Structure formats: C-alpha cells, structure tokens
Amino acid sequence: GQSLEQPSEVTAVEGAIVQINCTYQTSGFYGLSWYQQHDGGAPTFLSYNALDGLEETGRFSSFLSRSDSYGYLLLQELQMKDSASYFCAVRDSWGKLQFGAGTQVVVTP
Amino acid sequence: DTGVSQNPRHKITKRGQNVTFRCDPISEHNRLYWYRQTLGQGPEFLTYFQNEAQLEKSRLLSDRFSAERPKGSFSTLEIQRTEQGDSAMYLCASSPARGGETEAFFGQGTRLTVV
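Sequence order as written defines residue numbering, which begins from 1 separately in each chain. Naming scheme: in the order in which they are written, chains are lettered from A and ligands are numbered from 1. Restriction of local features to residues with pLDDT of at least 70 applies here, the model being predicted, together with a cutoff of 80 or more for giving and counting side-chain atom pairs; totals for whole chains, interfaces and linings are based on all residues. Hydrogens and waters are ignored; side-chain quantities use all the structure's heavy atoms.

**Notes on the nonpolar core**
In terms of nonpolar packing, the biggest core is built from 23 residues, with Ile20(A), Leu32(A), Trp34(A), Leu75(A) and Tyr86(A) touching the most fellow members. Elements with a contribution of two residues or more to this core: strand E2 (9-13), strand E3 (18-25), strand E4 (31-37), strand E7 (60-65), strand E8 (70-75), strand E9 (84-91) and strand E11 (103-108) of chain A. Residues grouped as a nonpolar core are buried Ala, Val, Leu, Ile, Met, Phe, Trp, Tyr and Cys residues, joined through side-chain atoms within 4.5 Å. Relative accessible area decides the class of each residue, using a 1.4 Å probe on protein chains only: under 20% of the type maximum gives buried, over 50% gives exposed, and in between gives partly exposed. Under the scheme used here, helices are H or I runs from DSSP no shorter than 4 residues and strands are E runs no shorter than 2 residues, and both carry numbers assigned from the N terminus.

Quick look at the structure:
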C-alpha cells in the first residue's frame, strides 16, 4: 500500500533546530513536498525536492534520498510563530499530493 | 492575485441534507484539486481537474459526492444525503499545469459539520 510516516509531535525551545523525518512507501513518486499548517489555517507550501540532496530556503531546509525513500525538513533558529503542523507529501506527475499525518511542532520560550 | 477562495468558510447542516461548496482558484491555474481533512490528519485527496476535465477521483469519493468545473474556472463540490462521517474540512488547491514540479496553493477551506 501507500503510506508516509512522520513523528506525531516535536517540542523544542526558541532558537533551537528541529528535524522532522519522513519515510514513504508509494507508487508514482515525482517529488516530496513539505507544507506548514497553523490551527484553522490553510496548508502553506514550504519546500520541494524532486532530486536527491538538500534544498535551502531561508531558515527551512529539506532533504531527499530517493533510494532510501526518506526525506526530512530542518527548521533552524526556531521562532514561536513556527509552532504549527508540518506535513510531508508525495507529489505525482500531475501535482496530486498524498500527505502524511503531520508533525505538531511546539516551540517553547 | 487574491489566492484560492472557498465559500462558505463554515457550514452546519442536518444529516440527510445536501450541501454545495465553491472554490475559485488562482486565475489561469489549469489544475484544481479537492482534499478532505479531518482533525489530526493530513489532507486526503478527493479529485482533481485539468481545466474542465475531471481526471481522477479517489475511492473516498462515494456516489454521494460530485464535483464539477464547468468552464474550467471555479469548481463546486456537492455532497448529497450528508452523513455525520462527512464532517471535515474540505480544501481546494490550484496549480499551473507544468507537470508535478509546481507547488499547489490551498484555500482556507470549508469546514462542514453534520449534526
């Protein structure tokens, strides 16, 4: 079957670094996307990897290893506003997304 | 560019009633997707359109659900004979038709509560 696994919750203090791992088992893989969602809000695109390696976008970076069916999102210099749910999602060639269950990131002072 | 717009934002309905949601994608975005999200879960794919053509429907989309995009612009999602299990956030997203490498932009969603 198709599935994505990511931790359910991560807690860290302001200024820290957090890594959210994602493993996937799916067909029709085109790339791995990461989305952020605040309570009551829309999912917001953060990063995308189609090829192996690291993509850096400001404080957020994402990594992909296609051979290991594994990726991670790295959040650096954590801020209180980063408290949200983070989803990894496998993207197919039509842009359709299959999401994991999400990781709740709690940032404490 | 006003982003993806969804209406209504909230809908409370009695079991057995029909409901219809509307999604206005970002202009000139050819692809439009519908997802459903329940509390504590990630969005689940329901269906998507390339212009006015509905290209794929998830098995989650029972025969009580129907989606249309008649002119390749806005889309509607109708649920007939609603059930309590239909209570969820219904999300719409759009993207340009440039293969799988472009990001999808999500609307704020319509939260449906079936009582």
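**Section: the interface of chain A and chain B**
By definition, residues are in contact when any of their heavy atoms lie within 4.5 Å. Residue-level contacts link 20 residues of chain A with 24 residues of chain B. Summing both partners gives a buried area of about 1700 Å² for chain A against chain B, and 54% of it is carried by carbon and sulfur. The salt bridge criterion pairs a side-chain nitrogen of Lys or Arg with a carboxyl oxygen of Asp or Glu, the two atoms within 4 Å. In this assembly, chain A and chain B are joined by 1 salt bridge. Pairs of N or O atoms are called polar contacts if they sit within 3.5 Å, as long as, within protein, a hydrogen donor faces a hydrogen acceptor (for residues adjacent in sequence, only side-chain-to-side-chain pairs). In this structure, the connection of chain A to chain B is made through 6 residue pairs in polar contact (both at pLDDT 80 or more). Elements supplying a minimum of two residues to the side of chain A that touches chain B: E4, strand E5 (44-49), E9 and strand E10 (97-99) of chain A. Buried area adds together the accessible area that both of two parts lose upon being put together, with accessible area traced by a 1.4 Å probe.

**A closer look at the state of the cysteines**
As used here, a disulfide is simply a covalent bond connecting the sulfur atoms of two cysteines. In this description, a disulfide is simply a cysteine sulfur pair whose atoms lie within 2.5 Å. One pass over the structure, following the stated rule, counts 2 disulfides over all chains. Disulfide partner of Cys22(A): Cys88(A), at an S-S distance of 2.1 Å. Negative torsions about the S-S bond denote left-handed disulfides, and the value of about 75° found for Cys22(A) with Cys88(A) makes this one right-handed. In this pair, Cys22(A) is assigned in strand E3 and Cys88(A) in strand E9, connecting sequence segments 66 residues apart. When its relative accessible area of 0% is taken as the criterion, Cys88(A) is described as buried. The side chain of Cys23(B) participates in a disulfide bridge whose partner is Cys92(B); the two sulfur atoms lie 1.9 Å from each other. When the S-S torsion is -65°, as for the bridge of Cys23(B) with Cys92(B), the disulfide is left-handed. Here the residue Cys23(B) occupies a position in strand E3 (residues 19-24), and Cys92(B) occupies one in strand E9 (residues 88-95), the gap between them amounting to 69 residues. Take Cys23(B) and Cys92(B): they sit in the same class, and that class is buried.

**Here we look at the pattern of salt bridges**
By the definition in use, this model includes 6 salt bridges over all chains. Note that Asp86(B) and Arg64(B) form a salt bridge whose closest N and O atoms lie 2.8 Å from each other. You can see Asp86(B) sitting in the loop between strand E8 (75-79) and E9 and its partner Arg64(B) sitting in the loop between strand E6 (53-57) and strand E7 (65-68), a full 22 residues away along the chain. Each member of the pair, Asp86(B) as well as Arg64(B), is classed as buried. Several salt bridges converge on common partners, so that one network encompasses Asp92(A), Lys96(A) and Glu56(B).

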